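Reading the structure
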Amino acid sequence: MKTVRYGIIGIGNMGHTHALSLLSEIKGAELVAVCDTRTERLEWAEANLPESVQRFTTPTELFESKSIDAVLISTPHYDHPSLAIEAFQYGYHVLIEKPAGVYTKAVKEMNAAAAQTDLKFGIMYNQRTNPLYQKLRDLIHTGELGEIRRTNWIITNWYRSQSYYNSGGWRATWAGEGGGVLLNQDPHQLDLWQWTIGMMPKRVRAFCHIGKYRNIEVEDDVTAYVEYENGATGLFITTTGEAPGTNRFEITGDNGKIVIEDDTLTFWRLRTPEPQFNAEFTGGFGNPECWKCEIPVESGGGQQHKGILRNFTNAILHNEPLLAPGEEGIHGLTLSNAMYLSSWTDNWVDLPLNEDLYYELLMEKVNSSTFQIENAVSKTLDVTGTH
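Residues numbered from 1 in each chain as written. Predicted model: local features only at pLDDT ≥ 70, side-chain atom pairs only at ≥ 80, totals over all residues. Heavy atoms only, no water.

**Some words on the pairing of strand 5 (residues 93–96)**
Alternating positions in strand 5 separate into two faces, His93 and Leu95 on one and Val94 and Ile96 on the other, with burial throughout. In this structure, strand 4 (residues 70–73) lies alongside strand 5, joined through four bridges in parallel fashion. What sits directly across from Val71, in strand 5, is Val94. Viewed along the sheet, the connection from strand 4 through helix 4 (residues 79–90) into strand 5 turns out right-handed. Bridge count between strand 5 and strand 6 (residues 121–123): three bridges; the pairing is parallel. Across the sheet, residue Leu95 finds its bridge partner in strand 6, namely Gly122. (Buried < 20%, exposed > 50% of the residue type's maximum accessible area, 1.4 Å probe, protein only. Helix = DSSP H or I, 4+ residues; strand = E, 2+ residues; numbered from the N terminus. Pairing = 2+ DSSP bridges. Right-handed = clockwise from strand over helix to strand, strands pointing away.)

**Quick look at the nonpolar core**
Within the largest apolar cluster, 108 residues are counted, with the highest numbers of intra-cluster contacts made by Val71, Val94, Ile96, Trp193, Phe236 and Met339. With seven residues, helix 12 (residues 329–345) is the single largest residue contributor to this core. Residue contacts for Val71: discarding those within four places in its chain leaves Gly7, Ile9, Leu62, Phe63, Ala87, His93, Val94 and Leu95. (Core = buried A, V, L, I, M, F, W, Y, C linked by side-chain atoms within 4.5 Å. Contact = heavy atoms within 4.5 Å.)

**Remarks on the packing of helix 9 (residues 187–197) against helix 12**
Relative orientation of the contacting elements helix 9 and helix 12 amounts to 115 degrees, with a least axis distance of 8 Å. As far as their axial angle goes, helix 12 and helix 9 are roughly perpendicular. Remark: the crossing between helix 9 and helix 12 carries right-handed chirality. In this structure, helix 9 contributes Leu190, Asp191, Trp193 and Gln194 to the contact, and helix 12 contributes His331, Gly332, Leu335, Ser336 and Met339. (Axes fitted to C-alpha atoms, helices over the stretch in contact; angles between N-to-C directions. Parallel < 35°, antiparallel > 145°, perpendicular 65-115°, else oblique. Left-handed = near helix turned anticlockwise from the far one by under 90°.)

**Quick word on the environment of Lys257**
For Lys257, the location among the structural elements is in strand 12 (residues 256–261). Taking C-alpha positions, Lys257 is 9.7 Å from Lys292, a pair spaced 35 residues apart along the chain. Look past the residues within four positions of Lys257 in its chain and what remains in contact with it is Leu145, Glu250, Ile251, Thr252, Thr266, Phe267 and Trp268.

**Topic: helix 4**
End to end, helix 4 covers 17 Å across twelve residues, agreeing with the expected 16 Å (1.5 Å per residue, within 8%). Residues His80, Pro81, Leu83, Ala84, Ile85, Ala87 and Phe88 constitute the buried set of helix 4. Looking at the packing, one finds that the buried side of helix 4 touches strand 1 (4–9), helix 3 (59–65), strand 4, strand 5, helix 5 (104–115) and strand 6. Phi turns positive one or two residues past the end of helix 4, at Gly91, with a value near 90 degrees. (Expected span 1.5 Å × (residues − 1).)

**What about helix 11 (residues 304–318)?**
Compared with the 21 Å implied by 1.5 Å per residue over 15 residues, the 20 Å span of helix 11 between its first and last C-alpha is a close match. For helix 11, the tally of buried residues reaches eleven of 15 residues, placing the bulk of the element in the interior. The set of residues buried in helix 11 consists of Gln304, His305, Gly307, Ile308, Leu309, Asn311, Phe312, Thr313, Ala315, Ile316 and Leu317. In the core, the buried residues of helix 11 are packed alongside strand 1, helix 1 (13–24), strand 2 (29–35), strand 4, strand 5 and strand 6. Looking one or two residues beyond helix 11, the residue adopting positive phi is Asn319, at roughly 60 degrees.

**Digging into the sheet that holds strand 15 (residues 349–350)**
Read across the open sheet, the nine strands follow the order 14-13-12-11-7-10-9-8-15; overall the sheet is mixed. Across the chains shown, the open sheet's two edge strands, defined by having one partner strand only, are strand 14 (290–294) and strand 15. When strand 12 meets strand 13 (residues 264–270), the two strands line up antiparallel, connected through six bridges. Note that in strand 13 the partner of Glu261 across the bridge is Thr264. Against the sheet, helix 9 makes contact with strand 7 (148–155), strand 9 (219–227), strand 10 (233–239) and strand 11 (247–253), and its axis sits at roughly 160 degrees relative to strand 7, the strand it touches most. Sheet contacts for helix 12: strand 8 (203–210), strand 9, strand 10 and strand 15; angle to strand 8, the most-contacted strand, approximately 70 degrees.

**Structural notes on empty space enclosed by the protein**
Using the criterion set out here, one finds one cavity of 30 Å³ or more in the structure. Size it by volume and the largest cavity reaches roughly 40 Å³. Together, Pro99, Tyr125, Leu182, Leu183, Pro187, Leu190, Gly329, Gly332, Leu333 and Ser336 line the largest cavity. Elements supplying a minimum of two residues to the lining of the largest cavity: helix 8 (181–184), helix 9 and helix 12. When residues in the lining of the largest cavity are grouped by element, the largest group, four residues, is from helix 12. The residue inventory of the lining of the largest cavity, partitioned by class, reads seven nonpolar, three polar and no charged. (1 Å grid on protein atoms, 1.4 Å probe; cavity = no way out; pocket = protein on both sides within 12 Å on 5 of 7 lines; lining within 4 Å. Points joined across faces, edges and corners; volume = space filled by probe spheres on them. Nonpolar A, V, L, I, M, F, W, Y, C, P; charged D, E, K, R; others polar.)

**Describing the sheet that holds strand 2**
Taken in spatial order, the six strands make up an open sheet running 3-2-1-4-5-6, and their pairing is parallel. The sheet is open, and its two borders are formed by strand 3 (54–56) and strand 6, each paired with just one other strand. The mean inter-strand angle of the sheet, taken between neighbouring strand axes irrespective of direction, is 25 degrees. Taken together, the four bridges between strand 1 and strand 4 define a ladder with parallel strand orientation. Bridge pairing in strand 4 places Ile8 opposite Leu72.

**So, unusual backbone geometry**
In the segment running from Ala243 into Pro244, the intervening peptide bond is cis, with an omega of -5 degrees. On the secondary structure map, Pro244 appears in the loop between strand 10 and strand 11. Omega for the peptide link from Leu351 to Pro352 comes to 5 degrees, which places this bond in the cis form. Of note, Pro352 is situated in the loop between strand 15 and helix 13 (355–368). At Asp262, a position not held by glycine, the phi torsion is positive, near 55 degrees. Considering the arrangement of structural elements, one finds Asp262 in the loop between strand 12 and strand 13. One non-glycine residue, Asp346, lies in positive phi territory at about 50 degrees. Following the sequence through the fold, Asp346 ends up in the loop between helix 12 and strand 15.

Have a look at this one:
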């Protein structure tokens with residue numbers, strides 16, 4: 001195989017962006033088909049894509065056409081696992097948009113289906129291409145920071161106006177998206193949180209505020225506290241209702257602390273590890289000597305979505321290791337599911353997650369919902385500059 005023939009299911013906000021990238025910017029990739037149930041999106045495809053790109057109205061039609069080698073799934077969240085499983089059954093490589101799904105039970109089934117094949121399976125965790133987080137992961141995994149003691153992420157620069165939520169009746173609903181800021185905006189941070197430090201918490205306590213700043217039925221403000229097996233703790237704060245927002249990720253270890261903020265990585269490195277200093281120091285008041293190190297990191301934020309597309313294409317053609325394996329999508333989703341469950345039950349949630357209870361409570365919200373976005377107008381938004 002010299003070229004990977006792609007089909008895209010869902011050509012809305014992200015799907016049409018991926019379509020344009022695949023047309024000319026991804027070496028070894030060829031866009032041959034798109035699929036969408038909405039007439040207006042297929043009309044967009046007819047007007048903006050070459051005549052050679054086939055258009056389908058259902059995923060099954062696309063799968064049965066045998067015209068593709070790989071499928072990129074860019075549909076609403078609930079459909080990601082079921083469409084991925086169907087694609088595997090037809091023998092196609094699968095790349096899904098984030099999040100992996102809405103609830104972990106379905107994502108486990110998707111992962112199991114992938115494991116039964118030798119096909120490539122990836123997820124659009126484009127922030128893994130960012131040199132800042134790659135460097136952070138390297139510093140932690142090579143032991144530079146020592147054992148982790150605390151993680152804090154304030155990610156409140158996801159500002160979204162009411163008009164954003166009004167751009168589609170499915171937005172910010174339990175039935176449509178399956179959640180709010182945790183499931184729509186934060187999957188990247190929830191992934192990076194565990195990917196960079198290399199561990200998941202053992203229990204979670206969260207407070208999810210429903211429609212605090214906007215007229216929506218899901219959460220738009222969250223504060224979560226986590227505890228890890230080694231005794232470390234963590235804090236995750238996020239919202240779509242604050243301006244100006246903050247994006248600051250701070251990790252403290254035995255050897256100092258690392259902060260990522262304003263596109264820079266700073267390492268406050270202790271000359272003597274804190275446990276050693278504490279054991280040896282006899283002077284009462286005093287602190288370990290600390291050096292402020294500005295770690296050089298390539299600027300620009302990495303290749304983002306195009307980087308994942310290039311990596312996935314090369315994985316198929318040349319067996320290049322996947323930067324974001326699809327199976328790993330369950331980790332970030334576990335964190336958001338645990339935060340929801342903690343808030344709904346007003347209690348601690350231990351991991352592994354009680355998936356049956358989570359699904360039961362989620363379906364109660366879906367089935368009892370009568371909420372409707374006022375003045376909802378379905379339209380495609382410009383996602384340039386978003387993550």
